[in-house]
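Per-entry structural report
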Amino acid sequence: NAGVTQTPKFQVLKTGQSMTLQCAQDMNHEYMSWYRQDPGMGLRLIHYSVGAGITDQGEVPNGYNVSRSTTEDFPLRLLSAAPSQTSVYFCASSYGQGRGETQYFGPGTRLLVL
Amino acid sequence: AQSVTQLDSHVSVSEGTPVLLRCNYSSSYSPSLFWYVQHPNKGLQLLLKYTSAATLVKGINGFEAEFKKSETSFHLTKPSAHMSDAAEYFCVVTENRKAAGNKLTFGGGTRVLVKP
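Rules used throughout
- Residues numbered from 1 in each chain as written.
- Chains lettered and ligands numbered in written order.
- Predicted model: local features only at pLDDT ≥ 70, side-chain atom pairs only at ≥ 80, totals over all residues.
- Heavy atoms only, no water.
- Contact = heavy atoms within 4.5 Å.
- Buried area = accessible area lost by both parts, 1.4 Å probe.
- Helix = DSSP H or I, 4+ residues; strand = E, 2+ residues; numbered from the N terminus.
- Nonpolar A, V, L, I, M, F, W, Y, C, P; charged D, E, K, R; others polar.
- Salt bridge = Lys/Arg side-chain N within 4 Å of Asp/Glu carboxyl O.
- Buried < 20%, exposed > 50% of the residue type's maximum accessible area, 1.4 Å probe, protein only.
- Phe/Tyr/Trp six-rings, centres within 6.5 Å; stacked < 30°, edge-to-face > 60°.
- Lys NZ or Arg CZ within 6 Å of the ring centre and 35° of its normal.
- Disulfide = S-S within 2.5 Å.
- Pairing = 2+ DSSP bridges.

**A few points about the interface of chain B and chain A**
- Counting residues at the interface gives 25 residues for chain B and 22 residues for chain A.
- Between chain B and chain A, roughly 1800 Å² of surface is buried when both sides are summed, and carbon and sulfur atoms account for 49% of that area.
- Residue assignment for the side of chain B that touches chain A shows that the elements contributing at least two residues are β5 (31–38), β6 (44–50) and β10 (87–95) of chain B.
- Sorting elements by how many residues they give to the side of chain B that touches chain A places β5(B) first, with five residues.
- Taken together, the residues of the side of chain B that touches chain A sort by class into eight nonpolar, 12 polar and five charged.

**Some remarks on the pattern of salt bridges**
Residue and element names in this part refer to chain A.
- On inspection of all chains with the given rule, the structure shows six salt bridges over all chains.
- The salt bridge involving Arg36 is made with Asp38; its shortest N-O contact spans 2.9 Å.
- Judged by its relative accessible area of 8%, Arg36 is buried.
- Between Arg44 and Asp38 there is a salt bridge whose closest N-O contact spans 2.8 Å. Side by side, Arg44 and Asp38 carry an identical accessibility label, which is buried.
- Via salt bridges that share partners, Arg36, Asp38 and Arg44 belong to a single interconnected network.

**Considering the packing of aromatic side chains**
- Evaluation of the coordinates by the stated rule reveals 13 aromatic pairs over all chains.
- Seen in terms of ring centroids, Tyr31(A) and Tyr48(A) are 5.8 Å apart; in terms of plane orientation they differ by 25 degrees. Their pairing is stacked. Of the two residues, Tyr31(A) is situated in strand β4 (residues 31–37) and Tyr48(A) in strand β5 (residues 43–51); the sequence distance between them amounts to 17 residues. As far as burial versus exposure is concerned, Tyr31(A) and Tyr48(A) are alike and both buried.
- Pairing Tyr50(B) with Phe67(B) gives two aromatic rings, centres 4.1 Å apart and planes at 15 degrees, and the pair type is stacked. One end of the pair, Tyr50(B), is in strand β6; the other, Phe67(B), is in strand β8 (residues 64–68), and 17 residues separate them in sequence.
- Note on Phe67(B): relative accessible area 8%, which makes it buried.
- The structure contains a cluster of three or more aromatic residues connected by ring pairs, namely Tyr35(A), Phe105(A), Phe34(B), Tyr36(B), Phe90(B) and Phe106(B).
- The residue whose ring lies beneath Arg68(A) is Phe74(A), and the NZ or CZ to ring-centre distance is 6.0 Å.

**Topic: the state of the cysteines**
- Throughout the structure, instances matching the rule amount to two disulfides over all chains.
- Between Cys23(A) and Cys91(A) runs a disulfide, and the two sulfur atoms are separated by 1.8 Å. Looking down the S-S bond of the Cys23(A) and Cys91(A) bridge, the torsion is -70 degrees, so its handedness is left-handed. In this pair, Cys23(A) is assigned in strand β3 (residues 19–25) and Cys91(A) in strand β9 (residues 87–94), connecting sequence segments 68 residues apart. For the pair formed by Cys23(A) and Cys91(A), the shared burial category is buried.
- The residue that forms a disulfide with Cys23(B) is Cys91(B), at a sulfur-sulfur distance of 2.0 Å.

**Some words on the pairing of strand β9 (residues 73–78) of chain B**
Residue and element names in this part refer to chain B.
- With three bridges joining them, strand β3 (residues 19–21) and β9 adopt antiparallel strand pairing. Among the inter-strand pairings, Leu21 is bridged to a residue of β9, identified as Leu76.
- Counting the residues between successive antiparallel strands, the hairpin from β8 to β9 contains four residues, one of them, Thr72, with a positive phi of roughly 45 degrees.

**Some points on unusual backbone geometry**
- The residue after Thr7(A), namely Pro8(A), is reached through a cis peptide bond having omega -5 degrees.
- Here Asn28(A), not a glycine, exhibits a phi torsion of approximately 60 degrees, which is positive.
- By the element assignment, Asn28(A) lies in the loop between β3 and β4.
- For Asn61(B), which is not glycine, the phi torsion reads 60 degrees and is therefore positive.
- Note on placement: Asn61(B) falls in the loop between β7 (56–58) and β8.

Take a look at the structure:
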C-alpha cells in the first residue's frame with residue numbers, strides 16, 4: 001500500500017489565490033490531521049478529523065478549511081493565501097486515538113506564497 | 001496542556017562518537033512520548049515511542065530513549081553516530097485522554113551534524 005500521499009509536492013501562489021492541498025491514505029485509518037512546519041517551531045496542528053464527517057480545529061486553524069467526506073481523503077483548503085502561510089505542510093494519519101497510537105506522515109507539500 | 005522543549009537546536013558530533021539529544025516535556029496527564037527523524041526534504045519517520053511499559057525504549061537504527069518521570073525528560077541517545085544520522089530530530093508528546101484526540105505537540109527540533 002502507498003501509505004499517506006500528498007499532492008502537490010511544491011506550489012507557488014500569489015497573495016489572495018485559493019488552493020487545495022490533497023491528502024489520501026490507504027490504510028483505513030480513522031484519524032487524520034494536518035500540520036505546518038516552520039523553522040524552529042517544529043510542527044503545529046492545523047485541523048484534525050477523528051472520522052468521516054467529523055473535523056475539529058487544532059492550534060493554528062485560521063485561514064484554513066477542511067472537510068472529511070470519506071475515510072481515505074482529507075483535503076486542506078486555503079481560501080485566500082497570505083505570505084504568512086508560506087510553509088511546509090504535512091498530513092498524518094493513525095488507526096485510532098489509542099494510547100501511544102503511531103501517526104504516519106506524508107512526504108509534505110512545500111508552499112510559497114508571494 | 002502539554003508542551004515539549006528540546007534543549008539544543010543544533011548538535012554536532014564526530015562519526016563514531018555518542019549522540020545525546022535532550023528533551024523535556026510537560027503534561028497534565030500520563031503522556032505518550034515519541035522521537036521522529038526528518039532527513040533533508042523528506043517526511044517524518046518514527047524512531048521510537050514510549051507508551052506506559054518499559055521506561056527504556058529501543059528504536060530503529062540503534063537509537064534508544066529513557067523516560068524519566070521525576071525529571072520530565074525523554075532524552076534520545078545513540079552510542080556511535082553514523083554519517084546517515086545527520087538529520088533533524090523531533091521530540092513529541094501526546095496526552096492519553098480521549099478529549100485531546102490524538103493531537104501531537106512537537107518540540108522545536110534538534111538538527112544533528114555528523115563530522116567525518
